Amino acid sequence: MDNESYLSDENIVKLFFSRDENAIAQTDLKYGKLLHTVAYNCLNDDECAKECQNDTYLETWNRIPPERPKMLRAFLCKITRCIAINRYKQMRAKRRVPSELTVSMEDLAYTLHSGDATDAYDAKELGRVIGDYVRSLPQKQRYIFMERYYMAGTVTSIARALRLTESAVYKELTKIKLGLKLHLERNDIYL
């Protein structure tokens, strides 16, 4: 199904505001595969990913209204990611197998870590500085950073999406991490 056969985000939000249950069906039709992928990348478990996807629809139903998201896709992905991370923490407490989220976060933590970031610098300010850095990246690098560290995508899936080799993605990730470290140091943040 092509994009033109989906309802616009604005119309989907209107359905939520009118409390029309078709809002969930339309959201699933348009964003279901993406939300499943976000959850699966965090959990590496198809059933848990489906549960997170359904929990996202319930959370969205509860939040719209009163919220009126400007970017529905980002709003949904953020909800899914938060739900999946919470589920991941529960699973990890039960000592289940780590997922791509573990790998990507450990990779980024290795770049940034030499102590607790919240002890080294106010977490909110750190987030702002990292956000500034990510927004300054060229589009391709920004995509790679967000897919790897926010969406917990695999290097293979990123390479496939950008039609690059995995080696090229790893090289870009290395450049991005080095650039981030330098950006933090320029902002007097030493972790």
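Residues numbered from 1 in each chain as written. Predicted model: local features only at pLDDT ≥ 70, side-chain atom pairs only at ≥ 80, totals over all residues. Heavy atoms only, no water.

**Focus on the overall build of the protein chain**
Check the secondary structure of the protein chain and you find ten helices and zero strands. When the helices and strands of the protein chain are read in sequence order from the N terminus, they spell out α-α-α-α-α-α-α-α-α-α. A buried classification covers 40% of the 191 residues belonging to the protein chain. When contacts within the protein chain are restricted to residue pairs at least 6 apart in sequence, long-range pairs at least 24 apart make up 64% of them. Carbon and sulfur atoms make up 52% of the accessible area of the protein chain, which amounts to about 11,500 Å² in all. (Helix = DSSP H or I, 4+ residues; strand = E, 2+ residues; numbered from the N terminus. Buried < 20%, exposed > 50% of the residue type's maximum accessible area, 1.4 Å probe, protein only. Contact = heavy atoms within 4.5 Å. Areas by Shrake-Rupley, 256 points an atom, 1.4 Å probe, with all protein chains shown as cover.)

**Structural notes on the packing of helix α3 (residues 46-63) against helix α4 (residues 72-93)**
Close contact between α3 and α4 brings their axes to 9 Å; oriented N to C, the two are set at 130°. Classified by the angle between their axes, α3 and α4 sit oblique to one another. Here α3 and α4 pass one another in a crossing that is right-handed. Here C48, E51, C52, D55, T56, E59, T60 and R63 of α3 come into contact with α4, specifically with F75, L76, I79, T80, I83, A84, R87 and M91. Split by residue class, the contact of α3 with α4 holds eight nonpolar, three polar and five charged. (Axes fitted to C-alpha atoms, helices over the stretch in contact; angles between N-to-C directions. Parallel < 35°, antiparallel > 145°, perpendicular 65-115°, else oblique. Left-handed = near helix turned anticlockwise from the far one by under 90°. Nonpolar A, V, L, I, M, F, W, Y, C, P; charged D, E, K, R; others polar.)

**Concerning the nonpolar core**
In summary, soluble globular proteins display a tendency toward joint burial of nonpolar side chains. Counting 29 residues, the largest nonpolar core has L43 and L72 as its most contacted members. For this core, the secondary structure elements donating two or more residues are α1 (9-17), α2 (22-43), α3 and α4. Considering each element in turn, this core owes the most residues, ten residues, to α4. If you look at the next biggest cluster of nonpolar residues, it comprises 18 residues, including V129, V134, L137 and V155. (Core = buried A, V, L, I, M, F, W, Y, C linked by side-chain atoms within 4.5 Å.)

**Describing the side chain of H183**
In this fold, H183 is placed in helix α10 (residues 166-186). Of the residues examined, H183 reaches a relative accessible area of 16% and is grouped as buried. A distance of 3.3 Å separates the side chain of H183 from the backbone oxygen of V129, its partner in a polar contact. Excluding residues within four positions of it along the chain, H183 makes contact with V129, D132 and Y133. (Polar contact = N/O pair within 3.5 Å; in protein donor to acceptor, adjacent residues only side chain to side chain.)

**As for the confidence of the model for the protein chain**
Summing up the model confidence of the protein chain, the mean pLDDT is 85 and the portion of residues at 70 or higher is 82%. α1 holds the highest mean pLDDT among the elements of the protein chain, 96, whereas helix α6 (residues 117-120) holds the lowest, 45. The model gives residues 114-121 a pLDDT under 50, and that stretch makes eight contacts with residues more than four places away or in other chains. (pLDDT = per-residue confidence, 0-100.)

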